[in-house]
Structures are given as structure tokens and as C-alpha cells.
Amino acid sequence: MSIPQPQTNPYPQAKPGAKHCRACGHTELEPFYRAPNIPIHCIRLIATREEALAVPRGDLELAYCPSCGFIQNTEFDFALLSYDENYEETQGFSPTFGKFAKELARKLVEGYGVRGQKLLEIGCGKGEFLLEVCKQGGNTGLGMDPAAVPGRLPEAQGVIEYVIDWYENHTGRTPEADVVMHRHTLEHIPEVAQFVRTVRTHMRSDALYFMEVPDVRRILEECAFWDIFYEHASYFTQGSLGRLHRRAGFRVLENVRAYNDQYILLYARPGGPNALLPEEDDLELLNTLVPQFKQAVVQEIARWQGLIRGWHAEGKKVVIWGAGSKGVSFLTTLGLQDEIEYAVDINPYKQGFYMPATGHKVVGPDFLEAYRPDVVLVMNPIYLPEIGKMLAERGLHPEMLGVGAR
Ligand SMILES: [Zn+2]
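Residues numbered from 1 in each chain as written. Predicted model: local features only at pLDDT ≥ 70, side-chain atom pairs only at ≥ 80, totals over all residues. Heavy atoms only, no water.

**Focus: the coordination of the zinc ion**
So the rule is basically this: Nitrogen, oxygen and sulfur within 2.8 Å of a metal are treated as its donors, or within 3.2 Å for sodium, potassium and calcium (Na, K, Ca); water is not counted, so a site can appear incomplete. Sites are called tetrahedral only when four donors show all angles between 85 and 135 degrees, square planar or octahedral only when four or six donors show opposite pairs over 155 degrees and all other angles between 65 and 115, and irregular in any remaining case. Note on exposure labels: buried denotes an accessible area under 20% of the residue type's maximum, exposed denotes more than 50%, and partly exposed covers the range between, all computed with a 1.4 Å probe on protein chains only.
Looking at the zinc ion, the protein donor atoms are Cys21 (SG), Cys24 (SG), Cys65 (SG) and Cys68 (SG), and they sit 2.2 to 2.3 Å from it. Every donor counted, the four donor atoms about the zinc ion form angles of 105 to 113° at the centre, which fits tetrahedral coordination. Counting gaps between the donor residues of the zinc ion yields the pattern C-x2-C-x40-C-x2-C. Taking relative accessible area as the criterion, Cys65 reaches 1% and is therefore assigned buried. What makes Cys68 buried here is its relative accessible area of 1%.

Here it is in C-alpha cells:
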């Protein structure tokens, strides 16, 4: 059986030069951060260094909406992106992330009684999370993703039906679902109001809705420029996320920060919008954080450049740990090349490939035994304990620094 390949662009209207807020329509946007000429795709696997250096690039300009708190890349062009089976987004190989996903699944099954039900996951990736909720609660899944790879998870056979395409082309199947969910999908979508309204319109009124996105509040507070990517068109706080869903006709049940405040989880049901939760009342805070970030990010970039160039000048071998989007964004924003030779990743599907734009080779932890790095920059400090353990098991005790750990 041939598998139809997705070719359509669900958001042709998302072109550079947006003048309005794609969440609320407000027109007085405040631009505050520019990252020109950055790679379009941060986590595509690249087979050769030459190809890696030649990846397509685009411009990013983040603008803040003072009316609803939403932050978007006004230069975003959806037509430049492609999501296919080479899109390797899975974080399922990390024990820490795996544990978090298991806890989320347990909350759906035990907290919301998701048992013997049918779940639709929009942007399911390879389907690891969907499978986990199915296994824990005896559920079945419908997973939609242009980058889905049926067969990657043998246990999913007979449990998950995959649709290798954009959800936007299959909205008619939404009413089949008792639970509609998406994790780390909405930040990739430019027309967020249109998307959430579409989901809401097609959902059954008794269905449960669950979603997860990165929290931009932490990015602003920590000056985490490495968490800003071309692929992320949209950036949320609890407030802007809550407002967006209420405007689309949801009653928000829970809107919480998780995973060391890196992510926001929102649980909702279709219904009349309820009052904002106290934690969603964040416009005043954002009015301070956004201008603060605008100033501080310049210094933060210079600080990292100085540190790494200093190590390099001393002859120290520096590697980054984490060949995902954060690593790519960190290296491209700092404009680093020879100062860092390798990127380490535990995902075996990434090893041997090259980082887009900068061309750093991705190696596995075992490679470090012979290479013996002096400094390991950990792109996500939440993994510091497990990485420290992996290094010690190989007789390595380099200086370890979490990027973003204060
Ligand atoms: Zn807005």
C-alpha cells in the first residue's frame, strides 16, 4: 500500500511582515528581538557537513502583543518549512522526559478518567506519548502528523491508527475522539487562533482537551535565546494561552507550568469561557519582562561568546550535549564554529549526522571516552544529573555547565 505524502501548506497566509496579532487580531505589536538568517529546521537530520552548512535559512523577529500577551515571529513563512519522516523530534530517549510523559499519561488516565476511550493526538510525532496513554488506560489512538512513521513503535500496531498528514486536512475525524490533545505542536503553528477555533468547532461537546507548549515566560526571565527557533512561530505564557482558548470557546480546567517551568499544560472542555485563573493574569508582568529581555539578551549572548572563546584559547575541548533545537539555536546565535567540535546526543537516530547551519558532528556518549572533553555544556540543565552519571560511568569528569542554569 502506498502512503500518501502530505504536500499542502495549511497556513498559506502566514507570510513575513505580519502586522497583526495572530492570537487576538490587535495591530499595535511591539518588536523586541531579531535573529536574522537562522536555519529554518533545527532538528532535521543532515547526512553531510556540506549539506548541513547549506541548509535554508530565514529571519526571525519576535513581536509582543500588549493586548493579549502573545509573542510571534512576524517574519515567519510557513511555506519554507517541511515536515516529513526525516523530522526527528522525539525526546523519548531521555529517561527524564520519558518519566514526565508517563506522569502526564497517568494524570489523564487517573485524574481525568481516560479509560477505554479514543484519543486523537494532533502532531503525534512517532506516537510515543499517545501509545503510553493507550497502554495505561486501555485506550485506542488516532495519531495525525505529516512526520509520523507507522512501524517505528511495534506496540502501536492495532492500538494507534496513523494519518500521515496535517490535521487541518482531516478535521472531519475530530468527533471520533473522546480526548483531543496536542503536545509541542501549537508553537509550530502561526495562525493559532484559527487552529484552536478549528479544533474547538469540530470537537464533541463532551470531549476532553489537553495541550502542552513551551513557556516563553521562562525564556524571557532567563534570557534563554537558545529556546527561540525559526520553527517556533508562536510563543505563549499561561495568560496568552488561557485567553486564546477562552476566545475559541473553551472552559479552562487547569493551566499549569511543568517540567521545571519549561512547559505549560492546559486542560479544557468545550463550553462558555470561565474567568481567568489567578496565574493567567500576567500582562503586567510581561510588560516588564519583554523590555527587560530586549536589553539583557545582548549581554547574555556576549557573555557566552566570551566564555567559550576563552576556553578555546586555553586549548580546552568543549562539547555541547543536546543536538536538538536548543543546541542549534545556541551555536547559530553565538556564531560559533571551531570553538566547539562536537555535539553529543543520546538519540541513536541522530548520531553520525550533522547539526544544521553550523555543521557540528553529532556523536554518542561512547565517543567521549576517547575524545575526553574538558567542558560539557548541557543544553537542558534538567538532564545534568543523568548526563553526569553517564560521563562518570565512562571514567569522565569534565567541567559541566548547564545552559540556562543560574
Ligand atoms: Zn494579541
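**Let's talk about unusual backbone geometry**
The following threshold applies: Where helices and strands are cited, they refer to DSSP runs of H or I of at least four residues and of E of at least two residues respectively, numbered from the N terminus.
Despite not being glycine, His184 has its phi angle at roughly 55°, a positive value. Topologically, His184 is positioned in the loop between β7 (179-183) and α4 (192-202). A positive phi angle, close to 65°, is found at Asp261, a residue other than glycine. Relative to the elements of secondary structure, Asp261 occurs in the loop between β10 (250-258) and β11 (263-270).

**Details of the UniProt feature "domain: C-methyltransferase" (unreviewed entry) in the chain**
Put simply, the rule reads: UniProt positions are given in the numbering used here, feature names are shortened, and annotations may be inferred rather than shown by experiment.
In the numbering used here, UniProt assigns the "domain: C-methyltransferase" (unreviewed entry) feature to residues 277-389. With 46% helix and 12% strand, the stretch residues 277-389 has end C-alpha atoms that lie 40 Å from each other.

**Structural notes on the pairing of strand β5 (residues 140-144)**
Going by this rule: In this scheme, strands are said to pair when DSSP sees at least two bridges between them. Whether a crossover is right-handed comes down to one check: with the strands pointing away from the viewer, does the path from the first strand over the helix to the second run clockwise; if it does, it is right-handed.
β5 sits mainly inside the fold: four of its five residues count as buried. Taken together, the five bridges between strand β4 (residues 118-122) and β5 define a ladder with parallel strand orientation. Its bridge partner lying in β5, Leu119 is registered against Gly141. As a crossover connection, the stretch from β4 through helix α3 (residues 128-137) into β5 is right-handed. Looking at chain direction, β5 and strand β6 (residues 160-163) are connected through four bridges and run parallel. Bridge pairing in β6 links Met144 to Val163.

**As for the packing of helix α7 (residues 283-313) against helix α8 (residues 325-334)**
Selection criterion: Axis lines are fitted to C-alpha atoms, over the contacting stretch for helices. Their N-to-C directions set the angle, which ranges from 0 to 180 degrees. These descriptions rest on fixed angle ranges, namely under 35 degrees for roughly parallel, over 145 for roughly antiparallel, 65 to 115 for roughly perpendicular, and the rest for oblique. Any pair of residues with heavy atoms lying within 4.5 Å of one another is described as a contacting pair. Just so you know the grouping, Ala, Val, Leu, Ile, Met, Phe, Trp, Tyr, Cys and Pro go in nonpolar, Asp, Glu, Lys and Arg go in charged, and all remaining residues, Gly too, go in polar.
Put simply, α7 and α8 touch, their axes get as near as 10 Å, and they point 90° apart. As summarised for this structure, α7 and α8 are arranged roughly perpendicular, according to the angle between their axes. Contacts from Ile301, Trp304, Gln305, Ile308 and Arg309 of α7 reach α8 at Phe330, Thr333 and Leu334. Taken together, the residues of the contact of α7 with α8 break down into five nonpolar, two polar and one charged.

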